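Letter by letter, the chains look like this.
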Amino acid sequence: MTHAFWFGGDYNPEQWPPETWDEDDVLMREARVNTATVGVFAWSSIEPAEGVFDFDWLDRTLDRLHANGVRVILATPTASPPPWFTFAHPDALPVTSGGTRRWHGSRDTYCAAAPAYREAAKRVTSALGERYGDHPAVALWHVHNEYGTPCYCGHVATAFRRWLRARYDDDLAGLNEAWYTKFWSQNYGDWEQILPPRDTQYLPNPAQALDFARFWSDELLTAYREQRDLLRGRVPVTTNFMLPDSYQMLDFWRWGAEVDVVAIDHYLNAPGVAGTIDVAFAADRARSFNRGRPWLLMEQAVGTIWPGHGEMVVAKEPGRLLRDSLAYVARGSDSVLAFQWRAGRGGSELHHSAMVPHAGADTRVFREVSALGETLSGLGEIVGSTVRAHVAILWDADSRWALELPVTPSRHVKYMPAVRELHAAVWRAGVTADFARYEDDLSRYAVVFAPSLYLLSPAAAESLVRYVEGGGQLVVGCFSGVVDERQQAWLGGFPGGLLDVLGVRVEEFHPVVPGQTVALSSGATGRLWSEDLVCHGAEVLAAYEGGPLDGKPAITRHPHGAGTGWYVSTYPDEPTADRLVRRVFEAAGVEPELPGAPTQVEALRRHAADGRSWLFLFNHGSAAALFPLTGHELLTGRSVEGSLRLAPGDVAVIRETRPTEVN
Amino acid sequence: MTHAFWFGGDYNPEQWPPETWDEDDVLMREARVNTATVGVFAWSSIEPAEGVFDFDWLDRTLDRLHANGVRVILATPTASPPPWFTFAHPDALPVTSGGTRRWHGSRDTYCAAAPAYREAAKRVTSALGERYGDHPAVALWHVHNEYGTPCYCGHVATAFRRWLRARYDDDLAGLNEAWYTKFWSQNYGDWEQILPPRDTQYLPNPAQALDFARFWSDELLTAYREQRDLLRGRVPVTTNFMLPDSYQMLDFWRWGAEVDVVAIDHYLNAPGVAGTIDVAFAADRARSFNRGRPWLLMEQAVGTIWPGHGEMVVAKEPGRLLRDSLAYVARGSDSVLAFQWRAGRGGSELHHSAMVPHAGADTRVFREVSALGETLSGLGEIVGSTVRAHVAILWDADSRWALELPVTPSRHVKYMPAVRELHAAVWRAGVTADFARYEDDLSRYAVVFAPSLYLLSPAAAESLVRYVEGGGQLVVGCFSGVVDERQQAWLGGFPGGLLDVLGVRVEEFHPVVPGQTVALSSGATGRLWSEDLVCHGAEVLAAYEGGPLDGKPAITRHPHGAGTGWYVSTYPDEPTADRLVRRVFEAAGVEPELPGAPTQVEALRRHAADGRSWLFLFNHGSAAALFPLTGHELLTGRSVEGSLRLAPGDVAVIRETRPTEVN
Amino acid sequence: MTHAFWFGGDYNPEQWPPETWDEDDVLMREARVNTATVGVFAWSSIEPAEGVFDFDWLDRTLDRLHANGVRVILATPTASPPPWFTFAHPDALPVTSGGTRRWHGSRDTYCAAAPAYREAAKRVTSALGERYGDHPAVALWHVHNEYGTPCYCGHVATAFRRWLRARYDDDLAGLNEAWYTKFWSQNYGDWEQILPPRDTQYLPNPAQALDFARFWSDELLTAYREQRDLLRGRVPVTTNFMLPDSYQMLDFWRWGAEVDVVAIDHYLNAPGVAGTIDVAFAADRARSFNRGRPWLLMEQAVGTIWPGHGEMVVAKEPGRLLRDSLAYVARGSDSVLAFQWRAGRGGSELHHSAMVPHAGADTRVFREVSALGETLSGLGEIVGSTVRAHVAILWDADSRWALELPVTPSRHVKYMPAVRELHAAVWRAGVTADFARYEDDLSRYAVVFAPSLYLLSPAAAESLVRYVEGGGQLVVGCFSGVVDERQQAWLGGFPGGLLDVLGVRVEEFHPVVPGQTVALSSGATGRLWSEDLVCHGAEVLAAYEGGPLDGKPAITRHPHGAGTGWYVSTYPDEPTADRLVRRVFEAAGVEPELPGAPTQVEALRRHAADGRSWLFLFNHGSAAALFPLTGHELLTGRSVEGSLRLAPGDVAVIRETRPTEVN
């Protein structure tokens, strides 16, 4: 198994007759599939009635896959309780923030805080663990699926209060102070008076809402850990994180510490290069949540893209499956797994993309899948190697949660786009970025970006100050350092805690109406946000032009200690962001992964502990690119002597014999 | 009464003082009104308290109308239970899919599956039937009004389970298989666990949702039949179908078999020619639901149009009332009825258009109404004649329901627009189309169109194959033959069951983002949808140009047996659709109703059993049209010898002495 | 205190430590703050548990403020019940029209009709009244905050029935007739069957909905009066009206009669001149609700503007705070108060604008606040003087409520925009307008405008007829006189009751699709609405051109008695509205406040009983304006002899020595 990428997908033989199983065996061999994820959502097949188990089909599946050389990722089915469960325990159905109950008939129809649900989940998990813990096919336990389903019921209220008592050391006055309950007469006289942030008459209390988001991430994590602890043994245990996480809003830093390996589901949100950057964003986050170690791509759709808001899919461009799959690999994934092996004939996701589509194996999709399997089979030597990044982007679950609340000066300013835009600028600069937390050792990064770090605790501010004083280049985005960890405002000017480092002080916010822009000197523009900024030592790199902020600083730089604090008080247009990022990299001595590569060529590298390295090259342009390069190209199996020609849309993977350089 | 079109409208004397009744008598005579629909929504006037009946006003109304020469369509008032009913039976109020109860204070505030409601409906219906079954004024029973109100309460759950037990022969395993419940762990262990498709956490089960739509159509039909059976006797019984049916989504084929005559309500959705096509669409469906026999236009608005989504009305253009009314007649209606005679002074619909507006009889509206009455009085000889169509468009309630569910590759692709666009192309070709089901005898049609027949059962596929083999021209639109009657996918390529007939095989869907287009050869474009199509014998009529499908077939033709299968893998632009339709008609030898007529002239024809026929001509253009024509023009009462001049906006009705031809 | 404008804002020392109080004292003196509103929303600080009061902090606050020369507006905190109240009385939480309960965790989480709430509100109010009724700091009682929270629960149903019994003299048949319950079978057989207009299956009964709106305004007014009566004594009592009142839809004419002084909250909805007109609209309404006497601006935001729909704020332009504040004053306010003194650190409104922002006193905002304080301190002589208007705009709560209901021909036609557009045209003409009711003495106005007076009772019609017959110029806007006070249509043509006065008769409505226009003669256009109008004596000032109304009258004038009735059957474009308004003013002899002033200069005037007057001049243009003027300019303290130069954005306040005239 070592030195082979995990390749395959979710596999649901229980939905098919035995004839199809035979065909599966044949087609899996044809496509070089070596991994199958089994059992996700199969609760009613495993436990058709309370306490009654049917393992026959699962026994046969695992044996058959094992005989066919396919490893199994075995899932607990707890993300979809069967109707018999709901029928017996209606109190374990989820309740919306508006107070109405959701019913069974889909998946995720459970309240994770309901005792009956937790007991039932543990029972089925134990049964699976006992029966298959030693099965040789099983290579990984996969708990549940994409945790995240919200609930606001009474069970949740009880659990929330328990969590709050722990967080506030049983000190109700402390909670009242943190939640600023003197505002709008919300002082709690008893723990029992506290509710989840259910729909209320007007604006919610942001501190209550933020604590609830933290609590729910933790409560789900506790539910995960209960299952994990029942399964731990011979093989590692994980659960799949859904990225991008509009659906699931969890604190993945905390979750990353509790899984044996981070595994992500990633569904592309755009065709073209925007989709390529989306792959990078997901992969860089996955690697970072896994603390830099190789991680697993647990689900992708081999054939489809979800642009916009889930109302439709578009077909993946020919060739894209290979390119994207190798991009995940180049950014640290040791697997290329898909949802799903075979397109289901029925059910809610009957139109979900699959490795074997409804039209069968004689299709472009299956041919691309097979070609991908063959390609991966030639890259096994790369498995286990890692990615090295010299710059980091802060990722802060608290800031994200806080900026979702309807209490900020502009509901159009959110955390995720701010981070994505910054990450995209770094991508365009040809540099690989990690994500990091303030608690991490930032000193190993030459540059740290902090886009819209709205929530900044004193401890986080201290860490960033230390980083700059130690020589780091810190680039802070607008609307940062506004509130502390209780969502109470920093007083005396923003970004709170960083005034000295940045040499600036924001007096007042000037949100910009969507669709409008604010002009900066030298023809640049900003969007969505601007700030009335006063320099206290910082150098002005760009100023506002026209409007109420005319002539005031917009982008600044401030040497501090051995490092530099940069501040950007608006969301700059792409060229401006690109210029700034390159200027910072120059100041920090950060070079692109392949210096001198044409802009349309993406270069990524994995490094083995023994000094070997592999250079991944992707030509996203419409013209061929010619590289001065020497090494062994693994996809063609040919040596590259002096130069490599990469056709549009092509990928090359070079085992490097010496450090690569472009003249 | 024979040989007179039914002309009049809904009449609510209970809302007015006796002085107004006298004026009504005068004005009805003035406008040549001969029909009044009485009693719709009058429950609380008929039965002011449970079991207490007040027939006095109704006795007087029927006697008075009868004396005035006005026939009565007598309605049961069950579409709006009185407050006393709701107050006594809150469990009979409707419940939304989200689980909240709706209250009285409007109309339709009942659950049709609630036993208390059904009993109350039968009681008031019986009382009406007993009292007025033999009243000479009564010419038609009108049950309820526009059935369709949804409910998801416990009574509905019980009825749904009963319906499912019947459909699946008490075989729960069969239901589980049909519903594909192994997906997402939805296996039902007991009938009691099954629910209506109430709001759930994520995507619904499409098979459950489709069965619920079928069930609800049937449940309402059962409620209708209960009343019908109590009323049947001297005069026929019907209920009014609301077309277009965004509000009511019933299987009108099944309903059409249970009414003595199909009666529709039709509210225009657009001004201009688009509205004219909307009239044709409603009328052609009404005639088809009534198996080709003359039908009744039960409600229209004499003065207003509802463009868009019900947020406003616009005034009907002068002259439009006459044109549209004669268009319904030309397409087979034996009535021109309106909601309503007199504009109500108060209530939710106080601004609804009426034959006598608030401003009174000295208004353009009432003058147009009177002119219409006079015109109709000269056309009586046409009553009872029928329309002959040589082409058919398939109308499939299942496909429509299925494409409403949020589980398809694009929520922008719906059934209704696909059918409407095809029907409009046939209209522009000057050809009258029936709608048909696969169960019907299709061999009598030279051409059958199947736009987006997403759901195609094996039996339906077999019928279409037989049709082509027997010599028919079958034109199949994109996204057809995707699932079977259980909403499980056809395997091996689409359109399932029609691969041999069409000589093509769809491997993969390529949905198109709304607002974007996909280019076809010869400058044509497609919208919303495209497909990766492989020809297996078919001739390519148009290919995709550019994009991932470049050079692949888009529109194809395939001789099969004695007929031809045509396939269109996108939604073509209007000129392309028009060219294709004309090409198919040429191949099938189908001619327009009036060959050679200018495009802005609509020609329609009714045929009597005795060989007489009447040609209706409408000039929708802005210039006069000159026709070579001979016959007797009924509106002017003049003979047409050799040629007819039709001014813009004008209508002519020709009693033909010999087959009409244009040189 | 006399002869000083009240200047200051909401003050919440309970949210801050004592150190901050000391700073508050210093900064208030610096900014010349003389007024603080204390206690709004402080219930849980005043009564931390049921019946347990903590007055310590409030005692200290009042004493401290008094010592610092700051008067106190003392609020009852009843707009936000504490969690202990909700926990004990969940039945007193508000319930939506959909039937779901809203929870605590915000403000306004109460049902004003719940007995438990009313009792609790009276208890805390009594306690405050007893303790502070004689405190010398207290200058005004401020009951509650921005009444308006809706509820549809059982308590509300009970109160609604009680109100209806009173309105209809216990005559259920009268209610049934007024509500037109014969339509859709809504006849009520018992008072108990009547419900609030909760969500129902289809369109609501408009008469029920309108009576509910009236009832709820009255029910909240009763709740207010209960508190007022407990507090009345040494100092006046008021509550703050929220204007514009999208949030609160109350009948402010009735409320204005029950407060000792009208106090409004006004949050600007647009930057630029549109915002200036918004100030005028709020201020003119406030003055009118207060029957012309000086009123109080109770809340504004010193730094922010809410454009659009509450999704974001933008920063107020530099200088705008002064201009707007003096505009409120020029239109009759004797105060310039803000929400709030100091920006809260936490809670839902932590980003709400404040006089002391988070960034502290060293900010543009606080500098502008201090400058404003200084400016106001020089204008004390103006306090108590009044505004004189010669034209009036009718403001009718009934018409507004009625046009919010979804039963009209176009949901795009609402009352508020119709009134705002008319008011803006009068503003552009340089004329100050009052708002008035038909019950008021209209004869003191030279012109009365009635924009879209949809609901017109016979009594109102009679008043308007009398006004014209007595010599008034009455300008009636389209869609007026359509229904009476029961929302039953006027019969025989619209505007009902005004046919003779206007010499026209509307036969039919022709709503216009938003975004489209209808052409009028001489190049003018109308929007949203047009009408099929017949003249019966009126002169046509403009006719429709093209379309179905081609050549028909659009704008008319009709001499009647000693006056004239003008009618405008569409919403005209701005230039057309402006021309019409000027023409009417000419006919009525109404002159602008400063005849001959350049259009970009706004001129307003306050008059003292002793004959003194003050002219306020605002230059909203981008160029300086030069005035022939003589008087004493109060802001600079300089005499103006013959001419005044006003820079762009500048304000002047002239104590006039003789009537001002421009040559």
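From a predicted model like this one, the values you see are computed outputs, not experimental measurements.

Student: Give me the interface of chain A and chain B: which residues, what numbers.
Tutor: Contact residues are listed per partner, giving 50 residues for chain A and 55 residues for chain B. When chain A packs against chain B, the two sides together hide about 4600 Å² of surface, and 56% of this comes from carbon and sulfur. There are 2 salt bridges connecting chain A and chain B. With a closest N to O distance of 3.9 Å, R102 of chain A and D199 of chain B form a salt bridge. Counting across the interface, chain A meets chain B through 27 residue pairs in polar contact (both at pLDDT 80 or more). Elements with a contribution of two residues or more to the side of chain A that touches chain B: α2 (43-46), α4 (83-88), β10 (314-315) and α12 (364-377) of chain A. Considered class by class, the residues forming the side of chain A that touches chain B number 20 nonpolar, 19 polar and 11 charged.

Student: Explain the sheet that holds strand β18 (residues 525-527) of chain A residue by residue, including any values.
Tutor: Residue and element names in this part refer to chain A. Spatially, β17-β18-β23 is the arrangement adopted by the 3 strands of the open sheet, whose pairing is antiparallel. In the strand order of this sheet, the two ends are held by β17 (517-519) and β23 (571-572), each with one partner. With 2 bridges joining them, β18 and β23 adopt antiparallel strand pairing. Looking across to β23, one finds that R527 is bridged to Y571.

Student: Hey, could you go over the pairing of strand β2 (residues 35-38) of chain A for me, with residue numbers and the actual values?
Tutor: Residues and elements named next belong to chain A. The alternating pattern of β2 places T35 and T37 on one face and A36 and V38 on the opposite face, and all of these are buried. Looking at chain direction, strand β1 (residues 6-11) and β2 are connected through 4 bridges and run parallel. Pairing of D10 across the sheet is with T37, part of β2. Examined bridge by bridge, β2 and strand β3 (residues 71-75) share 4 bridges and lie parallel to one another. Note that in β3 the partner of T37 across the bridge is I73.

Student: Can you explain the interface of chain C and chain A? Please cite residues and give values.
Tutor: One widely used convention gives an interface's size as the accessible area the parts lose upon coming together. With 50 residues of chain C at the interface, the matching set in chain A holds 55 residues. Linking chain C with chain A are 3 salt bridges, by the criterion used here. For R364 of chain C, the salt bridge goes to E508 of chain A, with nearest N and O atoms at 3.1 Å. Between the two partners, chain C and chain A, sit 26 residue pairs in polar contact (both at pLDDT 80 or more). Taken together, the elements giving at least two residues each to the side of chain C that touches chain A come down to α2 (43-46), α4 (83-88), β10 (314-315) and α12 (364-377) of chain C. For the side of chain C that touches chain A, a count of residues per class yields 20 nonpolar, 19 polar and 11 charged.

Student: Any details on the relation of the copies chain C and chain A? Residues and values, ideally.
Tutor: The two copies are related by a screw operation: chain C maps onto chain A through 120° of rotation and 0.1 Å of translation along the axis, at an RMSD of 0.0 Å. Here the symmetry operator amounts to a three-fold rotation axis. Of every C-alpha in chain C, the one belonging to T100 of chain C sits nearest the axis of rotation, 4.6 Å from it. Interface overlap between copies is the fraction of interface residues in one copy that are interface residues in the other; for chain C against chain A it is only 2%, indicating separate surfaces.

Student: Account for the sheet that holds strand β7 (residues 263-266) of chain A, with residues named and values stated.
Tutor: Residues and elements named next belong to chain A. Across the sheet, 3 strands lie side by side as β6-β7-β8; this open sheet has parallel pairing. Two strands close off the open sheet at either side, each with one partner strand: β6 (240-243) and β8 (296-299). Going from strand to strand, the sheet's axes swing by 40° on average, the running direction of each strand aside.

Student: Which residues make up the side chain of T570 of chain C, and what values go with them?
Tutor: Residue and element names in this part refer to chain C. Among the structural elements, T570 can be located in the loop between β22 (563-568) and β23 (571-572). With relative accessibility at 2%, the residue T570 sits in the buried group. A polar atom in the side chain of T570 sits 2.5 Å from the backbone oxygen of W529.

Student: So what's going on with unusual backbone geometry? Which residues, and what values?
Tutor: The omega angle of the peptide bond from F494 of chain A to P495 of chain A is -10°, so this bond is cis rather than trans. With respect to the secondary-structure elements, P495 of chain A resides in the loop between β15 (473-477) and α16 (499-502). The peptide bond linking F339 of chain B to Q340 of chain B adopts the cis configuration, its omega dihedral lying at 25°. Locating Q340 of chain B in the fold gives a position in the loop between β11 (335-338) and α12 (364-377). For W184 of chain A, which is not glycine, the phi torsion reads 55° and is therefore positive. When you line up the elements, W184 of chain A lands in the loop between α7 (172-178) and α8 (206-231). At D169 of chain B, a position not held by glycine, the phi torsion is positive, near 50°. Residue placement: D169 of chain B occurs in the loop between α6 (154-167) and α7 (172-178).

Student: Go over the packing of helix α11 (residues 320-330) of chain C against α12 of chain C with me, naming the residues and quoting the values.
Tutor: All names here are of chain C. The contact between α11 and α12 brings their axes to 9 Å, and the two run at 35°. Handedness of the crossing formed by α11 with α12: right-handed. Here α11 contributes R320, L321, L322, S325, L326 and V329 to the contact with α12, which in turn contributes E368, V369, L372, T375 and L376. Taken together, the residues of the contact of α11 with α12 sort by class into 7 nonpolar, 2 polar and 2 charged.

Student: Can you lay out helix α1 (residues 18-30) of chain A for me, pointing to particular residues and giving the numbers?
Tutor: Residue and element names in this part refer to chain A. An ideal rise of 1.5 Å per residue puts 18 Å on 13 residues; α1 measures up with 19 Å between its terminal C-alpha atoms. Buried residues of α1: T20, W21, D24, D25, L27 and M28, and no others. Buried residues in α1 make contact with β1, α3 (56-67) and α12. One or two steps after α1, the chain reaches R32, where phi turns positive at roughly 60°.

Student: Which residues make up the pattern of salt bridges, and what values go with them?
Tutor: Tallying each qualifying case throughout the model produces 144 salt bridges over all chains. Taken together, the shared-partner salt bridges connect R118, E119, K122, E219 and E226 of chain A into one network.

Student: Outline the nonpolar core, listing residues and values.
Tutor: Residue and element names in this part refer to chain C. Counting residues in each nonpolar core, the largest one holds 210 residues, and the members touching the most others are L58, W179 and F585. For this core, the element with the highest residue contribution is helix α8 (residues 206-231), accounting for 12 residues. Those residues in contact with W179, other than ones at most four positions away along the chain, are F160, L164, Y168, Y188, I194, N205, A207, Q208 and D211.

Student: If you had to explain the packing of aromatic side chains to someone new, which residues and values would you point to?
Tutor: Residue and element names in this part refer to chain A. Under the counting rule described, the total for this entry stands at 107 aromatic pairs over all chains. Taking 5.5 Å as the distance between ring centres and 45° as the angle between the ring planes, the aromatic pair formed by F252 and F289 counts as tilted. Of this pair, F252 sits in helix α9 (residues 252-256) while F289 sits in helix α10 (residues 272-289), and the two are 37 residues apart along the sequence. Neither residue differs from the other here; F252 and F289 are each classed as buried.

Student: Account for the pairing of strand β30 (residues 651-656) of chain B, naming residues and giving values.
Tutor: All names here are of chain B. With 5 of 6 residues buried, β30 lies mostly within the body of the structure. The pairing of strand β25 (residues 613-619) with β30 spans 6 bridges and is classified as antiparallel. In the strand pairing of β30, F616 is matched with V653. Two strands pair when backbone bridges link them, and strand β27 (residues 631-633) and β30 are joined in this way by 3 bridges, in the antiparallel orientation. Bridge assignment links E633 to a residue of β30, and that residue is I654.

Student: So what about helix α13 (residues 397-404) of chain A? Which residues, and what values?
Tutor: Counting buried residues along α13 of chain A, 7 of its 8 residues qualify, which places the element largely inside the surrounding structure. Buried residues belonging to α13 of chain A abut α8 and α14 (415-428) of chain A.

Student: Hey, could you go over the side chain of S457 of chain C for me, with residue numbers and the actual values?
Tutor: Residue and element names in this part refer to chain C. Relative to the helices and strands, S457 resides in the loop between β14 (447-450) and α15 (458-469). Among the residues examined, S457 registers a relative accessible area of 10% and is labelled buried. Among all residues touching S457, those that are not within four sequence positions of it are Y438, E485 and W490.

Student: Describe the confidence of the model for chain A, naming the residues involved and giving the relevant values.
Tutor: All names here are of chain A. Per-residue confidence for chain A averages 96 on the pLDDT scale, and 98% of its residues sit at or above 70. Between residues 659-663, whose pLDDT stays under 50, and residues either more than four places distant or in other chains, the model counts 10 contacts. Interface predicted TM-score (ipTM) for the complex: 0.96; the corresponding pTM is 0.97.

Student: Talk me through the relation of the copies chain A and chain B; I want residue IDs and the actual numbers.
Tutor: The two copies are related by a screw motion: chain A maps onto chain B through a turn of 120° and a shift of 0.0 Å along the axis, at an RMSD of 0.0 Å. Counting the interface residues of chain A, we find that no more than 2% of their copies in chain B are interface residues as well, pointing to two distinct contact surfaces.

Student: Can you lay out the packing of helix α10 (residues 272-289) of chain B against helix α11 (residues 320-330) of chain B for me, pointing to particular residues and giving the numbers?
Tutor: Residue and element names in this part refer to chain B. Remark: α10 packs on α11, axes separated minimally by 9 Å, with the N-to-C direction vectors making an angle of 30°. By the criterion of interaxial angle, the relationship of α10 to α11 is roughly parallel. Like other packed secondary-structure pairs, α10 and α11 cross with a definite hand, here right-handed. Residues G272, G275, T276, V279 and A283 of α10 pack against R320, D324, A327 and Y328 of α11. Taken together, the residues of the contact of α10 with α11 break down into 4 nonpolar, 3 polar and 2 charged.

Conventions we followed
- Residues numbered from 1 in each chain as written.
- Chains lettered and ligands numbered in written order.
- Predicted model: local features only at pLDDT ≥ 70, side-chain atom pairs only at ≥ 80, totals over all residues.
- Heavy atoms only, no water.
- Contact = heavy atoms within 4.5 Å.
- Buried area = accessible area lost by both parts, 1.4 Å probe.
- Salt bridge = Lys/Arg side-chain N within 4 Å of Asp/Glu carboxyl O.
- Polar contact = N/O pair within 3.5 Å; in protein donor to acceptor, adjacent residues only side chain to side chain.
- Helix = DSSP H or I, 4+ residues; strand = E, 2+ residues; numbered from the N terminus.
- Nonpolar A, V, L, I, M, F, W, Y, C, P; charged D, E, K, R; others polar.
- Pairing = 2+ DSSP bridges.
- Buried < 20%, exposed > 50% of the residue type's maximum accessible area, 1.4 Å probe, protein only.
- Least-squares fit on C-alpha atoms with pLDDT ≥ 70 in both.
- Axes fitted to C-alpha atoms, helices over the stretch in contact; angles between N-to-C directions.
- Left-handed = near helix turned anticlockwise from the far one by under 90°.
- Expected span 1.5 Å × (residues − 1).
- Core = buried A, V, L, I, M, F, W, Y, C linked by side-chain atoms within 4.5 Å.
- Phe/Tyr/Trp six-rings, centres within 6.5 Å; stacked < 30°, edge-to-face > 60°.
- pLDDT = per-residue confidence, 0-100.
- Parallel < 35°, antiparallel > 145°, perpendicular 65-115°, else oblique.

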